[in-house]
Amino acid sequence: MKYKNIGKDNFLDEIGKLKIYANNELLQEALHFASSAHETQKRKSGEAYIIHPVNVAYILAEMKLDSITIASALLHDVLEDTNITSQDLKNKFGAEITELVNGVTKIESFRYRAKETDKQAENFRKLLISITKDIRVILIKLADRLHNMRTLEYMTDKQKQRIARETIDIYAPLANRFGIAKIKWELEDLSFKYLFPDEYKKLVKQVSIKKDERDLMIQNAVSQIKLILKNNDISGTVTGRSKHFYSIFHKNKRKNISYEDILDLAAVRIIVDSVSDCYKVLGVIQTEFIPLEKSRKDYITRPKPNNYRSLHLVAENAEGQRFEFQIRTKEMHLIAEEGIAAHWRYKGQETKAQIHEEFEKQLFRIRNFLNDQKDSETFIDSLKMNLHPDIIVVLSPQNDYIKLRKHSSPIDYAFKVHTDVGFHCKGAFVNGKLVPLRSRLYSGDVVQILTSPQAKPSKDWVNFLSSPKARQKIRSYFKKLELQEFIDTGKELFFKRARKIHLKAKTDEDIAEIARNFKISDVRSFFAALGKNEITFDDIKEVLKEKEFIEAPKIIQDELELKRKKTDGIIIEDIRDILLRYAKCCNPVPGDEIIGYITRGKGITIHKTNCTNTGFFNQIKKEPERKINVRWNYKDEK
């Protein structure tokens with residue numbers, strides 16, 4: 001991979017060769033300031049450190065960025081690696097450059113772990129974007145990473161692996177997101193070289209073996225397409241290109257296609273003046289070549305997420321040689337190669353039509369700038385507009401990246417980690433400080449949740465939660481809690497009133513049968529309806545008065561007395577003739593297992609041991625000393 005290495009002394013001359021509009025006075029001042037700040041520092045290669053920021057700045061100049069961005073690139077390491085302060089920088093270069101340099105420095109404070117999941121890698125990329133107030137910060141960082149990758153051979157093997165992994169996971173996808181294909185391809189190929197050195201060497205060797213043959217095939221195809229365009233009165237340019245090493249490797253792994261088959265596929269790019277010409281060229285190629293089944297991809301009608309637009313087609317010529325054709329307009333090619341530099345994902349209330357219209361306006365401003373570099377103010381405005389997505393990314397104490405909605409609180413974070421963490425949250429530390437649970441979180445915050453088994457949600461949480469799912473969980477929690485309260489109230493009311501009218505319903509099956517009279521299918525819903533006063537106990541009595549659920553009290557009492565006369569009273573711990581009474585809640589008779597309970601002022605009350613009066617047993621638990629052993633005194637025991 002060849003690239004130009006720029007020195008401090010020839011930097012401005014090389015900038016001049018690019019024929020871009022540049023503020024040479026500002027660039028000279030920034031170069032001198034950075035050189036002085038880094039004067040004693042060396043790179044791993046032994047070169048003066050200033051070589052790095054100079055080449056980062058040149059990469060951005062090649063992308064036709066403005067002088068403010070190029071100057072900021074020259075200065076991008078002075079806050080992190082020297083004694084220069086933000087105030088020093090602001091006094092010398094003003095607020096805009098200082099903000100850009102601060103932005104790059106802030107990005108450097110976050111570290112990506114090599115073995116992240118795909119989701120964590122995506123969240124880390126979103127973190128970098130969400131903490132960035134100006135997209136030029138990301139562009140400087142991409143250029144910084146590109147130059148570091150170009151000079152990675154001076155690092156240790158472990159450092160090479162770590163930096164290459166971070167590059168392929170984070171920075172190459174970021175370059176792709178912003179449509180900067182040139183940087184994306186180079187970052188991928190350089191990462192591939194260090195991550196899979198054996199595969200890289202094998203592929204380089206295979207590419208070199210048939211290079212001349214492949215170049216001739218591409219040259220012939222280019223000549224043929226140029227003739228086709230001329231014969232059909234279509235104006236355009238035609239070029240052939242080699243595939244990038246990483247794309248070949250990736251396709252080999254993803255689709256299990258051999259290197260030989262991939263390398264045999266030559267790429268031909270056709271650039272025309274209009275969208276209608278794109279489709280006209282596609283039709284001609286499909287006539288002159290043999291298209292492969294399902295190989296046509298229309299990214300004009302349906303652009304990729306980074307706004308990449310082109311027509312793709314794989315087809316064979318009469319000799320069986322395969323070509324991948326890419327057909328696009330000049331505008332599409334400019335965006336695909338140089339990057340739109342101001343792409344972001346829209347969310348919210350806009351319609352698709354509004355999104356497309358606004359996006360086209362942004363592209364128009366960028367295109368005007370690229371055509372006329374003096375129109376930099378419009379371009380810089382476009383870089384700053386609507387940068388912030390509607391998400392933030394915070395960090396856990398374990399350095400996991402958690403994506404949240406904007407304006408989220410520690411409670412939102414707690415529920416995102418786990419529902420149980422949310423329900424039992426009692427406090428939160430943000431960046432090491434204890435904060436109120438309704439505090440607002442910001443990208444880059446480190447959040448730690450304090451939990452307790454006794455902690456319960458508060459109803460007012462729904463007033464400041466940003467997550468709809470978390471709000472729903474809170475509402476559901478209190479709805480269930482309220483329902484349980486109604487059930488408990490209805491159950492207590494039912495059994496209290498049932499005892500008084502001697503209702504025979506004791507099992508869930510009995511109660512379910514009663515519930516069905518009110519078109520209620522289960523016992524819990526029946527008790528809840530009673531607790532809410534949707535039905536009353538009088539309603540229950542009315543429905544059941546002609547059924548055999550209620551026993552006649554007089555008959556019951558006569559039968560009870562008759563049964564009790566079969567004994568000679570009760571023996572209470574071998575003591576006789578003590579004042580006692582029979583509990584009406586369970587009406588014990590000889591043959592029942594019984595228990596005695598000392599009732600203040602009323603002697604001893606006799607209950608069945610399986611009495612359903614929960615209040616009675618709760619009282620025994622509170623005052624066990626009032627329980628007394630009793631048994632029936634059968635006459636035949638005398």
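Basis of the calculations
Residues numbered from 1 in each chain as written. Predicted model: local features only at pLDDT ≥ 70, side-chain atom pairs only at ≥ 80, totals over all residues. Heavy atoms only, no water. Buried < 20%, exposed > 50% of the residue type's maximum accessible area, 1.4 Å probe, protein only. Helix = DSSP H or I, 4+ residues; strand = E, 2+ residues; numbered from the N terminus. Pairing = 2+ DSSP bridges. Contact = heavy atoms within 4.5 Å. Polar contact = N/O pair within 3.5 Å; in protein donor to acceptor, adjacent residues only side chain to side chain. Disulfide = S-S within 2.5 Å. Patch = residues over 30% accessible without salt bridge, like charges linked within 9 Å, V, L, I, M, F, W, Y side chains within 5 Å. Areas by Shrake-Rupley, 256 points an atom, 1.4 Å probe, with all protein chains shown as cover. Salt bridge = Lys/Arg side-chain N within 4 Å of Asp/Glu carboxyl O. Lys, Arg positive; Asp, Glu negative; His and termini not counted. Charge placed at Lys NZ, Arg CZ, Asp CG, Glu CD. Axes fitted to C-alpha atoms, helices over the stretch in contact; angles between N-to-C directions. Parallel < 35°, antiparallel > 145°, perpendicular 65-115°, else oblique. Left-handed = near helix turned anticlockwise from the far one by under 90°. Nonpolar A, V, L, I, M, F, W, Y, C, P; charged D, E, K, R; others polar. Core = buried A, V, L, I, M, F, W, Y, C linked by side-chain atoms within 4.5 Å.

S.K.: Quick question: what am I supposed to make of the pairing of strand 2 (residues 266–272) here?
M.R.: A regular strand carries its side chains on alternate faces of the sheet. Within strand 2, seven of the seven residues are buried, leaving the element largely enclosed by the surrounding structure. Alternating positions in strand 2 separate into two faces, A266, V268, I270 and V272 on one and A267, R269 and I271 on the other, with burial throughout. The sheet contact formed by strand 1 (residues 236–241) and strand 2 spans six bridges and is antiparallel. Residue pairing in the sheet places V238 in a bridge with I270 of strand 2. With seven bridges connecting them, strand 2 and strand 6 (residues 322–329) associate as parallel partners. Bridging from a neighbouring strand, R269 pairs with Q326 of strand 6.

S.K.: Looking at this model, I keep getting lost on the environment of N317. Mind explaining?
M.R.: Turning to its location among the elements, N317 is positioned in the loop between strand 5 (311–316) and strand 6. Judged by its relative accessible area of 7%, N317 is buried. Distance in space between the C-alpha atoms of N317 and I285 is 9.9 Å, their sequence separation being 32 residues. Not counting chain neighbours up to four residues away, the residues in contact with N317 comprise F289 and F323. At a separation of 3.0 Å, a polar atom in the side chain of N317 contacts the main-chain amide nitrogen of E319. Reaching out from N317, the side chain makes a polar contact with the backbone nitrogen of Q321 at a distance of 2.8 Å.

S.K.: I'm lost on the state of the cysteines in this one. Help?
M.R.: Each disulfide is one covalent bond, formed between the sulfur atoms of two cysteines. Tallying each qualifying case throughout the model produces zero disulfides. Looking at C586, it has no disulfide partner, and the nearest cysteine sulfur is the one in C611, 3.8 Å off. Judged by relative accessible area, which is 10%, C586 ranks as buried.

S.K.: What is the right way to look at a negative patch on the surface in this model?
M.R.: Taken together, the side chains of E482, E485, D488 and E492 present a region of like negative charge at the surface. On the secondary structure map, E482 appears in helix 22 (residues 468–500). Take E482: its relative accessible area is 43%, and that puts it in the partly exposed class.

S.K.: Hey, could you run me through the sheet that holds strand 13 (residues 580–582) in this one?
M.R.: Pairing between the strands of a sheet comes from backbone hydrogen bonds, and it takes one of two forms, parallel or antiparallel. Pairing is mixed across the open sheet formed by four strands, whose spatial order is 13-15-14-16. Edge positions in the sheet fall to strand 13 and strand 16 (627–628), since each has one partner strand and no second. Pairing of strand 13 with strand 15 (residues 603–608), which is carried by three bridges, proceeds in the parallel orientation. Across the sheet, residue Y582 finds its bridge partner in strand 15, namely I606. Sheet strands touched by helix 27 (residues 614–622): strand 14 (594–599), strand 15 and strand 16. Its angle to strand 14, the strand with the most contacts, is close to 70 degrees.

S.K.: Help me out: how do you make sense of the sheet that holds strand 10 (residues 433–435) in this one?
M.R.: In spatial order, the strands read 10-9-11; together these three strands make up an open sheet with antiparallel pairing. Each of the sheet's edge strands pairs with one partner strand only, and the pair in question is strand 10 and strand 11 (447–451). Strand after strand, the sheet turns through a mean of 35 degrees between neighbouring axes, direction not considered. Summarising the sheet, strand 9 (residues 425–430) and strand 11 pair through five bridges and their orientation is antiparallel. Note that in strand 11 the partner of C425 across the bridge is T451.

S.K.: So what exactly am I meant to see when it comes to the side chain of S310 here?
M.R.: Its location among the elements puts S310 in the loop between strand 4 (297–298) and strand 5. In terms of polar contacts, S310 uses its side chain to reach the backbone carbonyl oxygen of I327, at 3.2 Å. Within the structure, S310 has its side chain in polar contact with the side chain of R328 (distance 3.5 Å). Not counting the four nearest positions on each side in its chain, S310 is found in contact with K297, D298, Y299, I300, Q326, I327, R328 and M332.

S.K.: Is there a simple way to think about the pattern of salt bridges in this case?
M.R.: A side chain of one charge can pair with a side chain of the opposite charge if their charged atoms are brought near each other. Inspection of the entire model under this criterion finds 15 salt bridges. When the shortest N-O distance is used, the salt bridge between R145 and E166 registers 2.7 Å. Linking R145 in helix 9 (residues 135–150) with E166 in helix 10 (residues 157–177), this pair joins segments that are 21 residues apart in sequence. Under the relative-accessibility criterion, E166 is labelled buried at 6%. For K608, the salt bridge identified is with D592, shortest N-O distance 3.9 Å. Taken together, the residues K608 in strand 15 and D592 in the loop between strand 13 and strand 14 connect sequence positions 16 residues apart. Judged by relative accessible area, which is 19%, K608 ranks as buried.

S.K.: What is the right way to read the packing of helix 3 (residues 51–62) against helix 4 (residues 67–74) from this model?
M.R.: Angle between the axes and distance between the axes: these two values describe a pair of packed helices. Packing of helix 3 against helix 4 brings their axes to within 7 Å, and their N-to-C directions diverge by 160 degrees. Regarding the angle of helix 3 to helix 4, the classification is roughly antiparallel. For helix 3 against helix 4, the interelement crossing comes out right-handed. Here P53, V54, V56, A57, L60 and A61 of helix 3 lie close against helix 4, whose contacting residues are T69, I70, A73 and L74. Partitioned by chemical class, the residues of the contact of helix 3 with helix 4 number nine nonpolar, one polar and no charged.

S.K.: Sorry, what's going on with the nonpolar core here?
M.R.: For soluble globular proteins, nonpolar side chains are generally found buried alongside one another. Grouped together as the largest cluster of nonpolar side chains are 70 residues, with contacts concentrated most on F11, L60, L75, L89, F93, L142 and M149. Counting residues per element, this core draws most heavily on helix 9, which supplies nine residues. The contacts of F93, once residues within four sequence positions are left out, are L26, E29, A30, F33 and L75. If you look at the next biggest cluster of nonpolar residues, it comprises 27 residues, including V268, I285, I300 and A315.

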